[in-house]
Amino acid sequence: RALAYLIWLMPLPDREMETVADKLRLPAAILSALRTGNHLRAELETLITAPVSQIVERFESTSRPALYAIYKQGISPDVNEMIEQYLSKWQYLDIITDGAVLKSMGIPPGPIYSRILTTLRAARLDGQIDSDEEERALLKQMVRAIATLD
């Protein structure tokens, strides 16, 4: 039933969607999925031409039921292909670098870890690096750049 509400209400303008959801007394989880899905729908056309890393970042902040509802709405073949790629491939793409590797390189733990790991994963997703060796090379380059800032 939740999926039916998402498919039915998500295409509505925000105010109308909220009014109907309130009258139906939908649970908070469904209301949250409606809101995030509705906002994602508004961004889909720009995401089609965006780098994969940006698509992944956006889809990671959207619930699975909302993504599935958008997919079932059949907005466009390009949108469905993006969702299929995310669910079957992109979300599972990992990098070899982790916090232990960064610590072993002498980088003190902190917010820099997240920035480095996010940059490496984005480079892998966007095809800027294709191998573990290229990832290591990019990591070394980033660490040298950080060292020069200190």
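The text that follows walks through the structure, step by step, so that each part is easy to find. (Residues numbered from 1 in each chain as written. Predicted model: local features only at pLDDT ≥ 70, side-chain atom pairs only at ≥ 80, totals over all residues. Heavy atoms only, no water.)

1. Observations concerning the overall build of the protein
Then, in step 1: Secondary structure summary: the protein contains nine helices and zero strands in total.
Then, in step 2: Listed N to C, the secondary structure of the protein is α-α-α-α-α-α-α-α-α in terms of helices and strands.
Then, in step 3: Computed over C-alpha atoms, the radius of gyration of the protein comes to 19 Å, more than 25% over the 15 Å expected from 2.2 N^0.38 for 150 residues, which places it beyond the range of a compact globule.
Then, in step 4: The principal-axis extent of the C-alpha atoms belonging to the protein is close to 55 × 30 × 25 Å.
Then, in step 5: A separation of at least 24 residues holds for 58% of the contacts in the protein among residues at least 6 apart in sequence.
Then, in step 6: In the form shown here, the protein has an accessible surface area of approximately 9,100 Å², with 55% of it arising from carbon and sulfur atoms. (Helix = DSSP H or I, 4+ residues; strand = E, 2+ residues; numbered from the N terminus. Rg over C-alpha atoms; globule rule 2.2 N^0.38 Å. Contact = heavy atoms within 4.5 Å. Areas by Shrake-Rupley, 256 points an atom, 1.4 Å probe, with all protein chains shown as cover.)

2. A closer look at the environment of Leu3
Then, in step 1: With respect to the secondary-structure elements, Leu3 resides in helix α1 (residues 2-9).
Then, in step 2: Judged by its relative accessible area of 30%, Leu3 falls in the partly exposed class.
Then, in step 3: Along the sequence, Leu3 and Ala66 sit 63 residues apart, while their C-alpha atoms lie 8.1 Å from each other.
Then, in step 4: When near neighbours in sequence (up to four residues on either side) are disregarded, Leu3 contacts Pro65, Tyr68 and Ala69. (Buried < 20%, exposed > 50% of the residue type's maximum accessible area, 1.4 Å probe, protein only.)

3. Points about the packing of α1 against helix α2 (residues 14-24)
Then, in step 1: Orientation of α1 relative to α2, taken along the N-to-C sense of each, is 150 degrees, at an axis distance of 11 Å. With respect to each other, α1 and α2 are oriented roughly antiparallel. Between α1 and α2 lies a crossing of right-handed hand. Between α1, through Tyr5, Trp8 and Leu9, and α2, the contact on the second element is made entirely by Met17, Val20 and Leu24.
Then, in step 2: Partitioning the contact of α1 with α2 into residue classes produces six nonpolar, no polar and no charged. (Axes fitted to C-alpha atoms, helices over the stretch in contact; angles between N-to-C directions. Parallel < 35°, antiparallel > 145°, perpendicular 65-115°, else oblique. Left-handed = near helix turned anticlockwise from the far one by under 90°. Nonpolar A, V, L, I, M, F, W, Y, C, P; charged D, E, K, R; others polar.)

4. Remarks on the pattern of salt bridges
Then, in step 1: Evaluation of the coordinates by the stated rule reveals five salt bridges.
Then, in step 2: Taken together, the shared-partner salt bridges in this structure form one network comprising Arg124, Asp132 and Glu135. (Salt bridge = Lys/Arg side-chain N within 4 Å of Asp/Glu carboxyl O.)

5. Re the packing of aromatic side chains
Then, in step 1: For the structure shown, the criterion picks out two aromatic pairs.
Then, in step 2: Between Phe59 and Tyr86 the ring centres are 5.4 Å apart and the planes differ by 85 degrees, which places this aromatic pair in the edge-to-face class. On the criterion of sequence distance, the pair formed by Phe59 in helix α4 (residues 52-60) and Tyr86 in helix α6 (residues 77-88) is long-range, its members being 27 residues apart. Each member of the pair, Phe59 as well as Tyr86, carries the same accessibility label: buried. (Phe/Tyr/Trp six-rings, centres within 6.5 Å; stacked < 30°, edge-to-face > 60°.)

6. What about helix α3 (residues 28-47)?
Then, in step 1: A rise of 1.5 Å per residue sets the reference length of α3, with its 20 residues, at 28 Å; its end C-alpha atoms lie 27 Å apart and thus fit the reference within 8%.
Then, in step 2: Its maximal kink placed at Arg41, α3 deviates by approximately 35 degrees.
Then, in step 3: By the burial criterion, the buried members of α3 are Ile30, Leu31, Ala33, Leu34, Gly37, Asn38, Leu40, Leu44 and Leu47.
Then, in step 4: On its buried side, α3 packs onto α1, α2, α4, α5 (64-73) and α6. (Expected span 1.5 Å × (residues − 1). Bend = angle between axes of the 7 residues up to and from the residue.)

7. Regarding α4
Then, in step 1: The complete set of buried residues in α4 reads Val52, Ser53, Ile55, Val56, Arg58 and Phe59.
Then, in step 2: On its buried face, α4 sits against α3, α5, α6 and α8 (111-125).

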